[in-house]
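Next come the chains, spelled out residue by residue.
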Amino acid sequence: MKKFIYLDNAATSFPKPPQVTESVIHFLEKVGANPGRSGHKLSMEASAIVRKTRESLARLFNTKDPGRIVFTMNATESLNTVIYGFLNKGDNVIISSMEHNSVVRPLKHLEENSVITLIIAPCDNKGFLDIDELKKLINKNTALMVLNHASNICGTIQDIRAVKNALGNIPLLLDAAQTAGCHPIDVNADDIDFLAFTGHKGLLGPQGTGGLYIKEGLTVRPLKRGGTGTISESIKQPESLPDSLESGTQNNPGIAGLGAGVDFILKEGIDEIKKHEELLTSTLLKELRGLPGLTIYGPLRADLQTSTISITFHSILPTGDNHEFGGCGSINLAWMEEGATASDAGHILDSDFDIFVRVGLHCAPLAHKTLGTFPEGTVRLSMGYFNTIQDIEYAAKAIKRIAGIK
Ligand SMILES: Cc1ncc(COP(=O)(O)O)c(C=O)c1O
């Protein structure tokens, strides 16, 4: 097969560990049955696989009760489950200005239907939430904050403890789509109320898998109701987790693969994964930083971001102390020197270099407005555990070539 460099792990991770593929195939070929439904040997085996994945996730996120983790199709379903199942008429919700449309669109829908009011808390031009401003925005109706743990555009990681401190008793729904599996998450230590995660990115599982952790004491109305394989004598939806939120046959082959992905992470160690991804990030930043004809967005510090970097082929000239030439994202620009558009650059990376990235707005127009990159968007390079330093050096060479640097 032709050699290529995959730098689109923020969209979905690739490749997967071989154990993930093997577990999906094993489920399809050797198990096949519906877990929790029929009680025969194969159904019991399927139940054991689903239970084991739940237990592995509980270990990864440090919760003692795996039953408080429910499986969903993806982070989008997890976020929608809390947004439609926890909020009530008259509630106020705060989000940050770095959110993904999976958060913004359902909340806008509720706002437009006069169910909730919505406040957008500002972030700076590197994507960090302004905690002092957040404190001022909280009001007596604030019932939930929804926050992107790390930006899918430029990797900025938010300080969860500072946010929790500012929120007091107001629950936090953390969108961990970009951090689960590559950044330590401890729902106990960080007192996280709701954790929405997807299975196919950092957790290295198949697409069509995801989940939601719900802290004890919080209740969520189901998005869908139906058969759960439990208390079949009742025509009412079960009230206890995980069954109350898991109606219908799940993506069980996918859950088997997700379990293998999480076990791979537990075995390698999240710190090891983070260390490798930080090395890739700092290498790319070192290669690209300060070059004319190029602007990098985000913290520009491997320890403050995930291994996702966004660039444009423009030189943003500084307008103030906070802006660094060829260095960081900016709003209210004095002027720009134009280079290749994001979409042209993405096309060249693909056709001339076999480097696969994602360009444009990345389903996060609000965040691009915050970074000053709306409406054109950026070229996003998102690295994963299976990328090597050689991949990054080759990608840096290709980017320099597009920027006209020898
Ligand atoms: C920050 C963020 N939230 C939510 C999502 C939605 O994830 P999924 O497509 O798996 O539902 C994504 C996916 O790109 C994301 O980056």
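Quick summary incoming for the structure in this document. (Residues numbered from 1 in each chain as written. Predicted model: local features only at pLDDT ≥ 70, side-chain atom pairs only at ≥ 80, totals over all residues.)

Once that is clear, we can look at the sheet that holds strand β15 (residues 378-382). Pairing is antiparallel in the open sheet, where four strands are placed in the order β9-β10-β15-β14. With one partner strand each, in any of the chains shown, β9 (295-297) and β14 (358-360) form the two edges of the open sheet. Looking at each pair of strands side by side, their axes are set apart by 30 degrees on average, direction ignored. Relative to strand β10 (residues 308-312), β9 is paired through three bridges, and the arrangement is antiparallel. Counterpart to I296 in the pairing with β10 is I311. (Pairing = 2+ DSSP bridges. Helix = DSSP H or I, 4+ residues; strand = E, 2+ residues; numbered from the N terminus. Axes fitted to C-alpha atoms, helices over the stretch in contact; angles between N-to-C directions.)

Let us now look at the site of the ligand. Every residue near the ligand is listed here: N74, A75, T76, H100, S102, N148, N152, D175, A177, Q178, T198 and G210. Considered class by class, the residues forming the shell around the ligand number two nonpolar, nine polar and one charged. (Near = placed C-beta within 6 Å. Nonpolar A, V, L, I, M, F, W, Y, C, P; charged D, E, K, R; others polar.)

With 19 residues, helix α8 (residues 270-288) should reach 27 Å at 1.5 Å per residue; the first-to-last C-alpha distance of 27 Å fits that figure. Turning to α8, its buried residues number three or more, namely I273, H276, E277, L280, T281, L284, L285 and L288. Buried residues belonging to α8 abut α7 (252-268), β9, β10, β15 and α11 (389-402). Immediately beyond the C-terminal end of α8, within one or two residues, lies G290, with a positive phi of roughly 75 degrees. (Expected span 1.5 Å × (residues − 1). Buried ≥ 20, exposed ≤ 12 C-beta atoms within 10 Å, placed from the backbone. Contact = placed C-beta atoms within 7 Å.)

Moving on: the pairing of strand β8 (residues 210-214). Each regular strand displays side chains that alternate between the two surfaces of the sheet. Of all five residues in β8, five are buried; the element is thus mostly enclosed. Residues of β8 alternate between two faces, with G210, L212 and I214 on one and G211 and Y213 on the opposite face, all of them buried. As paired elements, strand β2 (residues 69-72) and β8 share four bridges and run antiparallel to each other. Paired with V70 across the two strands is L212, which belongs to β8. Two strands pair when backbone bridges link them, and strand β7 (residues 194-198) and β8 are joined in this way by five bridges, in the antiparallel orientation. Following the sheet pairing, T198 is matched in β8 by G210.

Right, let's get into unusual backbone geometry. Going from F14 to P15, the amide bond is cis rather than trans, its omega being 0 degrees. Tracing the backbone through its elements, the reader meets P15 in the loop between β1 (5-6) and α1 (18-31). Omega for the bond connecting F374 with P375 falls within 30 degrees of zero, at 5 degrees, which places this linkage in the cis form. Mapping P375 onto the fold places it in the loop between α10 (365-371) and β15. At I231, a position not held by glycine, the phi torsion is positive, near 30 degrees. You can see I231 is positioned in the loop between β8 and α7. Overall, I231 belongs to the partly exposed group, with 13 C-beta atoms counted inside 10 Å.

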